[in-house]
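Examining the three-dimensional arrangement
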Amino acid sequence: MGCLVRSRTLGILLVAAGLGACAGTPKGVLAPVAATVPGASRVDMLVATTRKTTANPGEMYSGDRGPALSYADITVSIPPDSVRQPGTVQWPKELPGNPATDFVTLRAETLDRPEAAARLRHTARAGKRHVLVFVHGFNNRFEDAVYRFAQIVHDTKAEVVPVLFTWPSRGSVLAYGYDRESTNYSRNALEGVLRRLAQNPDVAEITVLAHSMGNWLVLESLRQMAIRDGRVAPKIRDVVLAAPDVDVDLAREAFRDMGPARPRLSLFVSQDDNALAVSRLVWGNSGARLGAIDPSAEPYRSELARENIAVLNLTAMKGSDALNHGKFAGSPQLVALLGNRLAQGQTITDSRVGLGDRIVQMTAGAAATVGTAAGLAVSAPVAVIDPQSRETYGEHLRNLGQGIGDTAEGAVDLATAPARALGGR
């Protein structure tokens, strides 16, 4: 029986590892191209990051942790609306990308802190005084976060100053543990960025948009700010929590510590994200993830009402992939809705949104931990579906080494969980 279990587990692992050579998005897309094309749009963003710089100018920052907060000024060209579907990122198939059909980079320059402040001041004085801070989720390379945020800013058509805060993610579905610790590593840095934005006289209002694991980083940073300063800075008026991969009990503590004068909170949830279900299984069913609660069930219904947290429940609509593990801002209707709410200073709730608007499935959580056969077995079916995972799966498998036989038997139940989810069982 033990040999059979090991054989089945190894089979799952080797299938995914064998896909490691499949082509994914090219690396180095941040190397600037010479020009854009008529009809293309530009998104200028200020970037603050705790990532480590790389020697490759086309990547700028790696998934390693940097020694200090760094800044960058990046301009992304988005192809004409006539050749793209809102809610999607058109990645180049080869380098250099074609601005007529692809997202490409026009400018990518590192800044020091005074230069970053001057850049923000110039933009604000040009008429935009509403800052949108985006904090990405798990499994994001630097360029993933840059292009996704550019897409969000463009498709929402919100008149905002875009500020991306990007933390050290390995960009691999198998690096859940490293990514989670990297959010903790970045708490003080994000708190400092938000405080300096709030203290800037040229900034009138701040909205924070967090996705997946980035919600933990945002909640911790705002909680720290409230404890240090007695409250969250008043200019931080809205916080959008999209598919938070956060334990419900820890979220309660953060909401409480932020105090009654906290920002308005909007929560996007869905109960049928199978990848999040696997994530909870890996965590040992230790607690519900905030992004997967049923807001109509107790005790959540009463707690959300008492805490005045607006909720958008997306469970009624399926994602485009087999795991219902879609990407945030993948729906044209939702990104337009988000832009309207940002412009009007309103939260997003089910009371203001019809069923026709609830068509996107947010990502939430992760599918694996790192360093055990159990974690790799859970990730194998996801690696088949997710191109980013294919690029790193082989490396993680090799790192597992000779210990696979010792833990394979315990991995078999986890290995079959995603398949059961895909089959609706």
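Residues numbered from 1 in each chain as written. Predicted model: local features only at pLDDT ≥ 70, side-chain atom pairs only at ≥ 80, totals over all residues. Heavy atoms only, no water.

As annotated in an unreviewed UniProt entry, the chain carries the name Alpha/beta hydrolase and is attributed to Methylobacterium currus.

**A look at the overall build of the chain**
Of the regular secondary structure elements, the chain holds 13 helices and nine strands. Per-residue burial for the chain yields a buried fraction of 58% across its 425 residues. Nonlocal contacts in the chain, meaning residues at least 24 apart in sequence, comprise 81% of its contacts between residues at least 6 apart. For the chain, the computed accessible surface area is about 17200 Å², with 52% contributed by carbon and sulfur atoms. (Helix = DSSP H or I, 4+ residues; strand = E, 2+ residues; numbered from the N terminus. Buried < 20%, exposed > 50% of the residue type's maximum accessible area, 1.4 Å probe, protein only. Contact = heavy atoms within 4.5 Å. Areas by Shrake-Rupley, 256 points an atom, 1.4 Å probe, with all protein chains shown as cover.)

**With respect to the side chain of N140**
In this fold, N140 is placed in the loop between β4 (130–135) and α3 (142–156). Overall, N140 belongs to the buried group, its relative accessible area being 14%. For N140, the side chain forms a polar contact with the main-chain oxygen of G137, separated by 3.5 Å. Look past the residues within four positions of N140 in its chain and what remains in contact with it is R51, A145, S169 and G171. (Polar contact = N/O pair within 3.5 Å; in protein donor to acceptor, adjacent residues only side chain to side chain.)

**Brief notes about the nonpolar core**
Counting 56 residues, the largest nonpolar core has V131, V133, F165, I206, I236, F255 and L267 as the members making the most contacts within it. Considering every element that reaches this core, the biggest residue donor is helix α6 (residues 214–229), with seven residues. Those residues in contact with F165 that sit more than four places away from it in its chain are A48, T50, L69, V133, F134, V135, H136, S186, A189, L190, V193 and L217. One finds V43, Y61, I74 and A158 within the second-largest nonpolar core, a separate group that totals 33 residues. (Core = buried A, V, L, I, M, F, W, Y, C linked by side-chain atoms within 4.5 Å.)

**Re the packing of aromatic side chains**
Given two aromatic rings, one states the distance between the centres and the angle between the planes to describe the pair. Counted under the stated rule, the structure contains five aromatic pairs. Pairing F138 with Y176 gives two aromatic rings, centres 5.5 Å apart and planes at 70°, and the pair type is edge-to-face. In this pair, F138 sits in the loop between β4 and α3 while Y176 sits in helix α4 (residues 176–185), placing the two residues 38 residues apart along the sequence. As far as the burial class goes, F138 and Y176 line up, both buried. Taken together, the ring pairs in this structure connect W91, F103 and Y147 into an aromatic cluster. Directly above the aromatic system of Y178 lies the positively charged group of R170, at a separation of 3.9 Å from the ring centroid. (Phe/Tyr/Trp six-rings, centres within 6.5 Å; stacked < 30°, edge-to-face > 60°. Lys NZ or Arg CZ within 6 Å of the ring centre and 35° of its normal.)

**Details of the sheet that holds strand β6 (residues 205–211)**
The nine strands are arranged β3-β2-β1-β5-β4-β6-β7-β8-β9 in an open sheet whose pairing can be described as mixed. Each having just a single partner strand, β3 (104–111) and β9 (309–313) make up the two edges of the open sheet. When strand polarity is set aside, the average angle formed by the axes of neighbouring strands in this sheet is 20°. Note that strand β7 (residues 236–242) and strand β8 (residues 264–269) share five bridges and pair parallel. Across the sheet, residue V239 finds its bridge partner in β8, namely L265. Across the sheet, α6 lies against β4, β5 (161–166), β6 and β7, angled at about 150° from β7, the strand it touches most. (Pairing = 2+ DSSP bridges. Axes fitted to C-alpha atoms, helices over the stretch in contact; angles between N-to-C directions.)

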